[in-house]
Amino acid sequence: MAIAEQRLSALHQADPELASLLEAELDRQQYTLELIPSENVASPAVLEAVGSWLTNKYAEGTPGKRYYGGCEFVDQIETLAQERACALFGAEHANVQPHCGSSANLAAYMAFCQPGDTILGLDLSHGGHLTHGSPVSFSGIFYHAEFYGVSRETEQLDYEEIRRRAHEVRPRVLVAGASAYPRIFDFPQLAEIAHEVDAVLMVDMAHFAGLVAGGAHPSPVPYADVVTLTTHKTLRGPWGGMILSPEEHAKAIDKAVFPGAQGGPLVHAIAGKAAALRAWGQPEMEGYAQRVVANAQRLAQGLLQEGLRLVSGGTDNHLMLIDLRPLGLTGKAVQEVFDRARITVNRNSIPFDEASKFNPSGIRLGTPAITTRGMGLEQMDEIAALISRTIHNLGDGAVEREVAARARILCEAFPLPYR
Ligand code: DSN
(Lines give C-alpha, C1' and ligand atoms only; values in the text may rest on other atoms or scores of the structure.)
Protein backbone atom coordinates (compact mmCIF):
# COMPACT_ATOMS: atom_id res chain seq x y z
CA MET A 1 0.00 0.00 0.00
CA ALA A 2 1.38 3.45 -0.94
CA ILE A 3 2.23 5.62 2.04
CA ALA A 4 -0.23 8.31 0.97
CA GLU A 5 -2.88 5.58 0.94
CA GLN A 6 -2.07 4.69 4.56
CA ARG A 7 -2.27 8.36 5.57
CA LEU A 8 -5.62 8.71 3.83
CA SER A 9 -7.01 5.34 4.82
CA ALA A 10 -10.40 6.66 6.03
CA LEU A 11 -10.79 8.81 2.95
CA HIS A 12 -9.81 5.92 0.70
CA GLN A 13 -12.60 3.85 2.20
CA ALA A 14 -15.22 6.59 2.16
CA ASP A 15 -14.37 8.30 -1.09
CA PRO A 16 -11.73 6.60 -3.27
CA GLU A 17 -12.25 9.11 -6.07
CA LEU A 18 -11.37 12.07 -3.86
CA ALA A 19 -8.59 10.16 -2.09
CA SER A 20 -6.90 9.39 -5.38
CA LEU A 21 -6.95 13.07 -6.32
CA LEU A 22 -5.28 13.96 -3.01
CA GLU A 23 -2.70 11.30 -3.69
CA ALA A 24 -2.06 12.65 -7.15
CA GLU A 25 -1.53 16.11 -5.71
CA LEU A 26 0.88 14.76 -3.11
CA ASP A 27 2.76 13.07 -5.92
CA ARG A 28 2.88 16.33 -7.86
CA GLN A 29 4.23 18.18 -4.83
CA GLN A 30 6.72 15.41 -4.08
CA TYR A 31 8.24 15.35 -7.55
CA THR A 32 8.05 19.00 -8.58
CA LEU A 33 10.39 21.89 -7.83
CA GLU A 34 8.04 24.35 -6.14
CA LEU A 35 9.24 27.84 -6.94
CA ILE A 36 6.03 29.80 -6.35
CA PRO A 37 7.27 32.20 -3.66
CA SER A 38 3.99 32.31 -1.76
CA GLU A 39 3.94 28.55 -1.23
CA ASN A 40 5.72 26.37 1.28
CA VAL A 41 5.62 22.94 2.90
CA ALA A 42 3.68 22.73 6.17
CA SER A 43 5.08 20.32 8.75
CA PRO A 44 3.32 17.05 9.64
CA ALA A 45 2.56 18.59 13.07
CA VAL A 46 0.77 21.50 11.41
CA LEU A 47 -1.15 19.12 9.14
CA GLU A 48 -2.25 17.03 12.11
CA ALA A 49 -3.55 20.08 13.94
CA VAL A 50 -5.41 21.32 10.87
CA GLY A 51 -6.80 17.88 10.05
CA SER A 52 -8.15 17.40 13.57
CA TRP A 53 -11.57 17.34 15.25
CA LEU A 54 -11.19 21.02 16.05
CA THR A 55 -13.00 21.49 12.77
CA ASN A 56 -16.16 20.45 14.66
CA LYS A 57 -16.18 23.47 16.98
CA TYR A 58 -17.94 26.81 16.74
CA ALA A 59 -16.23 29.53 18.76
CA GLU A 60 -17.49 32.94 17.67
CA GLY A 61 -15.95 35.59 19.88
CA THR A 62 -12.53 35.68 21.49
CA PRO A 63 -11.00 33.55 24.28
CA GLY A 64 -13.06 34.00 27.45
CA LYS A 65 -15.76 35.91 25.54
CA ARG A 66 -17.46 33.37 23.31
CA TYR A 67 -21.01 33.09 22.09
CA TYR A 68 -20.91 29.28 22.45
CA GLY A 69 -20.45 26.79 25.24
CA GLY A 70 -17.78 24.12 25.32
CA CYS A 71 -14.96 26.51 24.49
CA GLU A 72 -12.66 25.76 27.42
CA PHE A 73 -10.06 23.99 25.28
CA VAL A 74 -10.34 26.08 22.16
CA ASP A 75 -9.90 29.14 24.37
CA GLN A 76 -6.58 27.73 25.50
CA ILE A 77 -5.60 26.85 21.94
CA GLU A 78 -6.35 30.33 20.64
CA THR A 79 -4.60 31.98 23.59
CA LEU A 80 -1.55 29.82 22.94
CA ALA A 81 -1.48 30.93 19.30
CA GLN A 82 -1.90 34.60 20.30
CA GLU A 83 0.85 34.42 22.92
CA ARG A 84 3.23 32.67 20.55
CA ALA A 85 2.57 35.23 17.82
CA CYS A 86 3.16 38.13 20.19
CA ALA A 87 6.37 36.57 21.51
CA LEU A 88 7.72 35.71 18.05
CA PHE A 89 7.06 39.11 16.52
CA GLY A 90 7.37 41.30 19.63
CA ALA A 91 3.77 42.49 19.21
CA GLU A 92 1.41 43.64 21.95
CA HIS A 93 -1.70 42.09 20.40
CA ALA A 94 -2.38 39.30 17.92
CA ASN A 95 -5.67 38.35 16.32
CA VAL A 96 -5.13 34.87 14.92
CA GLN A 97 -8.61 34.38 13.47
CA PRO A 98 -8.39 35.77 9.92
CA HIS A 99 -9.11 32.96 7.49
CA CYS A 100 -6.57 34.30 5.00
CA GLY A 101 -4.56 37.37 4.08
CA SER A 102 -7.47 39.02 2.29
CA SER A 103 -9.70 38.64 5.38
CA ALA A 104 -6.92 40.08 7.52
CA ASN A 105 -6.60 43.07 5.21
CA LEU A 106 -10.37 43.59 5.09
CA ALA A 107 -10.50 43.63 8.88
CA ALA A 108 -7.51 45.98 9.12
CA TYR A 109 -9.21 48.49 6.80
CA MET A 110 -12.48 48.13 8.69
CA ALA A 111 -10.71 48.87 11.96
CA PHE A 112 -9.37 52.18 10.70
CA CYS A 113 -11.48 53.35 7.72
CA GLN A 114 -15.01 54.26 6.79
CA PRO A 115 -16.23 53.25 3.33
CA GLY A 116 -15.04 55.83 0.84
CA ASP A 117 -11.90 56.74 2.78
CA THR A 118 -8.66 56.94 0.84
CA ILE A 119 -6.08 54.18 1.01
CA LEU A 120 -2.69 54.46 -0.68
CA GLY A 121 -0.90 51.26 -1.68
CA LEU A 122 1.64 49.82 -4.09
CA ASP A 123 0.25 49.37 -7.60
CA LEU A 124 -0.58 45.73 -8.36
CA SER A 125 1.56 45.68 -11.48
CA HIS A 126 4.51 47.07 -9.51
CA GLY A 127 4.32 44.21 -7.03
CA GLY A 128 1.36 45.17 -4.83
CA HIS A 129 -1.54 42.91 -3.93
CA LEU A 130 -5.17 42.88 -5.09
CA THR A 131 -6.29 43.84 -1.58
CA HIS A 132 -4.12 46.96 -1.60
CA GLY A 133 -6.72 48.86 -3.63
CA SER A 134 -7.30 47.04 -6.91
CA PRO A 135 -10.63 48.07 -8.46
CA VAL A 136 -11.69 44.42 -8.71
CA SER A 137 -11.18 43.81 -4.96
CA PHE A 138 -13.24 44.99 -1.96
CA SER A 139 -10.30 47.25 -1.20
CA GLY A 140 -10.86 49.28 -4.35
CA ILE A 141 -14.64 48.90 -4.30
CA PHE A 142 -15.33 50.02 -0.72
CA TYR A 143 -12.48 52.50 -0.38
CA HIS A 144 -11.04 55.21 -2.57
CA ALA A 145 -7.77 53.66 -3.72
CA GLU A 146 -4.70 55.58 -4.80
CA PHE A 147 -1.36 54.06 -5.72
CA TYR A 148 2.37 54.59 -5.69
CA GLY A 149 4.81 52.67 -7.86
CA VAL A 150 8.46 51.79 -8.20
CA SER A 151 10.93 54.02 -10.01
CA ARG A 152 11.31 53.30 -13.72
CA GLU A 153 15.11 53.44 -13.44
CA THR A 154 15.74 51.27 -10.39
CA GLU A 155 12.47 49.28 -10.32
CA GLN A 156 12.63 49.84 -6.56
CA LEU A 157 10.48 51.92 -4.22
CA ASP A 158 11.26 55.61 -4.29
CA TYR A 159 10.40 56.90 -0.83
CA GLU A 160 10.36 60.54 -1.95
CA GLU A 161 7.72 59.59 -4.52
CA ILE A 162 5.69 57.78 -1.84
CA ARG A 163 5.97 60.90 0.32
CA ARG A 164 4.85 63.10 -2.57
CA ARG A 165 1.85 60.85 -3.28
CA ALA A 166 0.93 60.68 0.42
CA HIS A 167 0.91 64.49 0.70
CA GLU A 168 -1.07 64.70 -2.52
CA VAL A 169 -3.85 62.23 -1.67
CA ARG A 170 -3.78 62.39 2.18
CA PRO A 171 -4.72 58.72 2.74
CA ARG A 172 -6.40 57.43 5.88
CA VAL A 173 -4.24 54.31 5.49
CA LEU A 174 -0.81 54.04 3.90
CA VAL A 175 -0.37 50.41 2.87
CA ALA A 176 3.08 48.87 2.53
CA GLY A 177 3.94 45.32 1.58
CA ALA A 178 3.78 43.39 -1.65
CA SER A 179 3.32 40.11 -3.43
CA ALA A 180 6.00 40.58 -6.02
CA TYR A 181 8.63 43.01 -4.77
CA PRO A 182 12.13 41.54 -4.47
CA ARG A 183 13.56 44.19 -2.13
CA ILE A 184 13.20 45.01 1.56
CA PHE A 185 11.01 47.81 2.90
CA ASP A 186 12.22 50.81 4.85
CA PHE A 187 9.68 50.83 7.67
CA PRO A 188 11.05 53.83 9.62
CA GLN A 189 10.70 55.94 6.45
CA LEU A 190 7.21 54.62 5.75
CA ALA A 191 6.15 55.39 9.33
CA GLU A 192 7.56 58.90 9.02
CA ILE A 193 5.60 59.48 5.80
CA ALA A 194 2.39 58.10 7.32
CA HIS A 195 2.75 60.34 10.37
CA GLU A 196 3.39 63.44 8.25
CA VAL A 197 -0.08 63.03 6.72
CA ASP A 198 -1.83 61.65 9.83
CA ALA A 199 -2.31 58.29 8.15
CA VAL A 200 -2.32 54.86 9.70
CA LEU A 201 0.62 52.72 8.54
CA MET A 202 -0.56 49.24 7.62
CA VAL A 203 2.10 46.73 6.64
CA ASP A 204 1.04 43.56 4.88
CA MET A 205 3.97 41.25 5.54
CA ALA A 206 2.24 38.16 4.18
CA HIS A 207 5.17 37.32 1.93
CA PHE A 208 8.04 37.97 4.28
CA ALA A 209 6.55 37.16 7.72
CA GLY A 210 8.84 34.14 8.01
CA LEU A 211 11.85 36.23 7.09
CA VAL A 212 10.91 38.67 9.86
CA ALA A 213 10.35 35.77 12.29
CA GLY A 214 13.80 34.41 11.49
CA GLY A 215 15.58 37.77 11.53
CA ALA A 216 16.32 37.92 7.79
CA HIS A 217 14.14 40.98 7.11
CA PRO A 218 13.58 44.07 9.27
CA SER A 219 10.40 43.93 11.33
CA PRO A 220 7.56 46.36 10.67
CA VAL A 221 6.06 45.68 14.11
CA PRO A 222 7.78 48.56 15.96
CA TYR A 223 6.77 51.05 13.25
CA ALA A 224 3.33 50.08 11.97
CA ASP A 225 -0.09 50.73 13.48
CA VAL A 226 -1.22 47.41 12.13
CA VAL A 227 0.59 44.45 10.54
CA THR A 228 -1.24 41.78 8.58
CA LEU A 229 0.24 38.49 7.47
CA THR A 230 -0.51 35.07 6.15
CA THR A 231 0.69 31.98 7.91
CA HIS A 232 1.17 29.63 4.94
CA LYS A 233 3.95 31.39 3.06
CA THR A 234 7.45 31.93 4.47
CA LEU A 235 6.04 31.36 7.98
CA ARG A 236 5.56 27.66 7.14
CA GLY A 237 2.19 27.29 8.79
CA PRO A 238 -1.32 26.34 7.70
CA TRP A 239 -3.37 28.37 5.26
CA GLY A 240 -4.52 31.44 7.18
CA GLY A 241 -4.07 35.03 8.24
CA MET A 242 -3.21 37.04 11.31
CA ILE A 243 -3.17 40.66 12.49
CA LEU A 244 -0.63 42.18 14.88
CA SER A 245 -1.00 45.57 16.51
CA PRO A 246 -0.25 47.70 19.54
CA GLU A 247 -2.71 47.13 22.42
CA GLU A 248 -4.44 50.48 21.74
CA HIS A 249 -5.88 49.10 18.47
CA ALA A 250 -6.72 45.61 19.77
CA LYS A 251 -10.41 46.24 20.40
CA ALA A 252 -11.06 47.84 17.02
CA ILE A 253 -9.23 45.05 15.21
CA ASP A 254 -10.93 42.22 17.10
CA LYS A 255 -14.32 43.79 16.38
CA ALA A 256 -13.44 44.22 12.72
CA VAL A 257 -12.46 40.54 12.41
CA PHE A 258 -15.58 39.31 14.23
CA PRO A 259 -18.35 40.24 13.72
CA GLY A 260 -17.10 42.72 11.10
CA ALA A 261 -15.51 40.52 8.48
CA GLN A 262 -15.96 36.91 9.57
CA GLY A 263 -18.16 34.49 11.46
CA GLY A 264 -16.82 31.57 13.46
CA PRO A 265 -13.05 31.19 13.53
CA LEU A 266 -11.43 28.12 11.99
CA VAL A 267 -10.21 26.65 15.25
CA HIS A 268 -8.40 23.82 13.48
CA ALA A 269 -6.45 26.40 11.47
CA ILE A 270 -5.71 28.38 14.64
CA ALA A 271 -4.24 25.21 16.17
CA GLY A 272 -2.11 24.81 13.04
CA LYS A 273 -0.94 28.41 13.46
CA ALA A 274 0.00 27.69 17.08
CA ALA A 275 2.00 24.62 16.00
CA ALA A 276 3.79 26.58 13.25
CA LEU A 277 4.65 29.45 15.61
CA ARG A 278 6.14 27.07 18.17
CA ALA A 279 8.42 25.56 15.54
CA TRP A 280 10.18 28.92 15.11
CA GLY A 281 11.85 28.47 18.48
CA GLN A 282 13.06 24.97 17.61
CA PRO A 283 16.39 23.81 16.18
CA GLU A 284 14.79 22.72 12.88
CA MET A 285 14.04 26.36 12.04
CA GLU A 286 17.49 27.66 12.99
CA GLY A 287 18.86 29.64 10.05
CA TYR A 288 15.88 28.81 7.79
CA ALA A 289 15.04 32.44 6.96
CA GLN A 290 18.68 33.23 6.21
CA ARG A 291 18.92 30.16 3.96
CA VAL A 292 15.79 31.20 2.06
CA VAL A 293 17.41 34.57 1.29
CA ALA A 294 20.86 33.10 0.54
CA ASN A 295 19.25 30.59 -1.81
CA ALA A 296 17.22 33.31 -3.54
CA GLN A 297 20.32 35.44 -4.02
CA ARG A 298 22.29 32.48 -5.37
CA LEU A 299 19.46 31.55 -7.73
CA ALA A 300 19.22 35.17 -8.89
CA GLN A 301 22.97 35.28 -9.47
CA GLY A 302 22.76 32.07 -11.51
CA LEU A 303 19.92 33.42 -13.64
CA LEU A 304 21.79 36.66 -14.28
CA GLN A 305 24.86 34.69 -15.30
CA GLU A 306 22.67 32.77 -17.74
CA GLY A 307 21.79 36.11 -19.35
CA LEU A 308 18.29 36.51 -17.95
CA ARG A 309 17.07 39.93 -16.83
CA LEU A 310 15.66 40.24 -13.33
CA VAL A 311 13.42 43.08 -12.21
CA SER A 312 15.55 45.49 -10.13
CA GLY A 313 18.62 43.40 -10.94
CA GLY A 314 18.26 40.80 -8.19
CA THR A 315 16.73 40.21 -4.80
CA ASP A 316 17.09 40.98 -1.09
CA ASN A 317 14.38 38.58 -0.02
CA HIS A 318 12.82 35.26 -0.99
CA LEU A 319 11.63 36.07 -4.51
CA MET A 320 12.65 37.38 -7.89
CA LEU A 321 10.98 38.27 -11.17
CA ILE A 322 12.33 37.29 -14.57
CA ASP A 323 11.59 39.89 -17.23
CA LEU A 324 10.70 37.92 -20.36
CA ARG A 325 10.47 40.96 -22.63
CA PRO A 326 14.10 40.81 -23.86
CA LEU A 327 13.42 37.22 -24.98
CA GLY A 328 10.21 38.16 -26.81
CA LEU A 329 8.23 35.76 -24.59
CA THR A 330 5.20 36.13 -22.34
CA GLY A 331 4.42 34.47 -19.03
CA LYS A 332 1.56 32.11 -19.85
CA ALA A 333 3.43 29.95 -22.34
CA VAL A 334 6.56 29.91 -20.17
CA GLN A 335 4.60 28.88 -17.07
CA GLU A 336 2.97 26.03 -19.00
CA VAL A 337 6.30 24.75 -20.29
CA PHE A 338 7.70 24.85 -16.76
CA ASP A 339 4.74 22.78 -15.57
CA ARG A 340 5.72 20.09 -18.07
CA ALA A 341 9.34 20.37 -16.91
CA ARG A 342 8.36 19.71 -13.26
CA ILE A 343 9.16 23.25 -12.19
CA THR A 344 6.22 25.21 -10.76
CA VAL A 345 6.33 28.97 -11.19
CA ASN A 346 3.74 31.65 -11.72
CA ARG A 347 3.41 34.25 -14.39
CA ASN A 348 3.33 37.77 -13.04
CA SER A 349 3.10 41.37 -14.16
CA ILE A 350 6.29 43.34 -13.90
CA PRO A 351 6.64 47.08 -13.44
CA PHE A 352 5.62 49.06 -16.54
CA ASP A 353 4.34 45.88 -18.17
CA GLU A 354 2.38 46.55 -21.32
CA ALA A 355 1.15 42.98 -21.66
CA SER A 356 -2.19 41.85 -20.25
CA LYS A 357 -2.59 40.71 -16.64
CA PHE A 358 -3.66 37.31 -17.95
CA ASN A 359 -0.53 36.88 -20.02
CA PRO A 360 2.02 39.24 -18.46
CA SER A 361 5.72 39.65 -19.18
CA GLY A 362 7.16 38.20 -16.00
CA ILE A 363 7.77 34.97 -14.19
CA ARG A 364 7.90 35.06 -10.39
CA LEU A 365 10.16 32.62 -8.57
CA GLY A 366 11.00 32.06 -4.94
CA THR A 367 12.91 29.77 -2.62
CA PRO A 368 10.80 29.19 0.55
CA ALA A 369 9.51 25.72 -0.36
CA ILE A 370 12.71 24.28 -1.82
CA THR A 371 14.64 25.60 1.17
CA THR A 372 12.20 23.86 3.52
CA ARG A 373 12.98 20.65 1.62
CA GLY A 374 16.64 21.18 2.48
CA MET A 375 18.01 22.41 -0.82
CA GLY A 376 21.01 24.72 -0.67
CA LEU A 377 23.42 26.73 -2.81
CA GLU A 378 24.58 23.81 -4.95
CA GLN A 379 20.99 22.98 -5.89
CA MET A 380 20.31 26.67 -6.66
CA ASP A 381 23.09 26.61 -9.25
CA GLU A 382 21.57 23.57 -10.87
CA ILE A 383 18.03 25.01 -10.76
CA ALA A 384 19.26 28.25 -12.36
CA ALA A 385 20.78 26.20 -15.18
CA LEU A 386 17.55 24.17 -15.57
CA ILE A 387 15.45 27.34 -15.71
CA SER A 388 17.72 28.93 -18.26
CA ARG A 389 17.82 25.81 -20.40
CA THR A 390 14.03 25.58 -20.37
CA ILE A 391 13.47 29.24 -21.21
CA HIS A 392 16.11 29.32 -23.92
CA ASN A 393 14.69 26.19 -25.58
CA LEU A 394 10.99 26.89 -25.27
CA GLY A 395 8.94 24.39 -27.21
CA ASP A 396 11.70 21.75 -27.39
CA GLY A 397 10.05 18.63 -25.97
CA ALA A 398 13.36 16.80 -25.50
CA VAL A 399 14.69 19.62 -23.29
CA GLU A 400 11.45 19.66 -21.29
CA ARG A 401 11.77 15.92 -20.66
CA GLU A 402 15.46 16.19 -19.68
CA VAL A 403 14.75 19.07 -17.29
CA ALA A 404 11.76 17.19 -15.83
CA ALA A 405 13.93 14.13 -15.22
CA ARG A 406 16.59 16.21 -13.50
CA ALA A 407 13.99 18.08 -11.41
CA ARG A 408 12.57 14.74 -10.29
CA ILE A 409 15.99 13.50 -9.21
CA LEU A 410 16.51 16.67 -7.17
CA CYS A 411 13.09 16.23 -5.54
CA GLU A 412 13.84 12.59 -4.72
CA ALA A 413 17.04 13.68 -2.99
CA PHE A 414 15.13 16.24 -0.89
CA PRO A 415 11.79 14.58 -0.12
CA LEU A 416 8.75 16.16 1.46
CA PRO A 417 8.40 15.29 5.15
CA TYR A 418 5.19 13.33 4.55
CA ARG A 419 6.39 9.83 3.75
N1 DSN B 1 -1.72 35.37 -4.17
C2 DSN B 1 -0.63 35.45 -3.23
C3 DSN B 1 0.68 35.31 -3.89
O4 DSN B 1 0.84 34.36 -4.63
O5 DSN B 1 1.56 36.12 -3.69
C6 DSN B 1 -0.69 36.67 -2.42
O7 DSN B 1 -1.85 36.64 -1.67
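Residues numbered from 1 in each chain as written. Predicted model: local features only at pLDDT ≥ 70, side-chain atom pairs only at ≥ 80, totals over all residues. Heavy atoms only, no water.

### Some points on the sheet that holds strand S12 (residues 319-323)
Logical step 1: Taken in spatial order, the 4 strands of this open sheet run S11-S12-S15-S14, and their pairing is antiparallel. What marks the edges here is a single partner per strand, and that holds for strand S11 (309-310) and strand S14 (346-348).
Logical step 2: The strands touched by helix H13 (residues 288-305) are S11, S12 and strand S15 (362-366); relative to S12, the strand with the most contacts, the crossing angle is about 15°. (Pairing = 2+ DSSP bridges. Helix = DSSP H or I, 4+ residues; strand = E, 2+ residues; numbered from the N terminus. Contact = heavy atoms within 4.5 Å. Axes fitted to C-alpha atoms, helices over the stretch in contact; angles between N-to-C directions.)

### A look at a nonpolar patch on the surface
Logical step 1: Together, Leu18, Leu21 and Leu22 make up a nonpolar patch on the protein surface, roughly 260 Å² of accessible area in all.
Logical step 2: According to the relative accessible area criterion, Leu18 is partly exposed, its value standing at 37%. (Patch = residues over 30% accessible without salt bridge, like charges linked within 9 Å, V, L, I, M, F, W, Y side chains within 5 Å. Areas by Shrake-Rupley, 256 points an atom, 1.4 Å probe, with all protein chains shown as cover. Salt bridge = Lys/Arg side-chain N within 4 Å of Asp/Glu carboxyl O. Buried < 20%, exposed > 50% of the residue type's maximum accessible area, 1.4 Å probe, protein only.)

### Notes on unusual backbone geometry
Logical step 1: Residue Pro259 follows Phe258 across a cis peptide bond; omega there is 10°.
Logical step 2: Along the polypeptide, Pro259 turns up in helix H11 (residues 250-261).
Logical step 3: One non-glycine residue with positive phi stands out, namely Glu155, at about 60°.
Logical step 4: You can see Glu155 is positioned in the loop between strand S6 (144-148) and helix H8 (159-169).
Logical step 5: A residue is classified by how much of its surface remains accessible, and Glu155, at 8% relative accessible area, is buried.

### Here we look at the pairing of strand S10 (residues 241-245)
Logical step 1: Extensive coverage of S10 is indicated by the burial of 5 of its 5 residues.
Logical step 2: Residue alternation in S10 divides its side chains into two sets, Gly241, Ile243 and Ser245 and Met242 and Leu244, and both sets are buried.
Logical step 3: Two strands pair when backbone bridges link them, and strand S4 (residues 93-95) and S10 are joined in this way by 3 bridges, in the antiparallel orientation. Bridging from a neighbouring strand, Asn95 pairs with Ile243 of S10.
Logical step 4: As paired strands, strand S9 (residues 226-230) and S10 are joined by 4 bridges and run antiparallel to one another. Residue pairing for S10: Thr228 is matched across the bridge by Ile243.

Take it as geometry only, folks, not as evidence of what the structure does.
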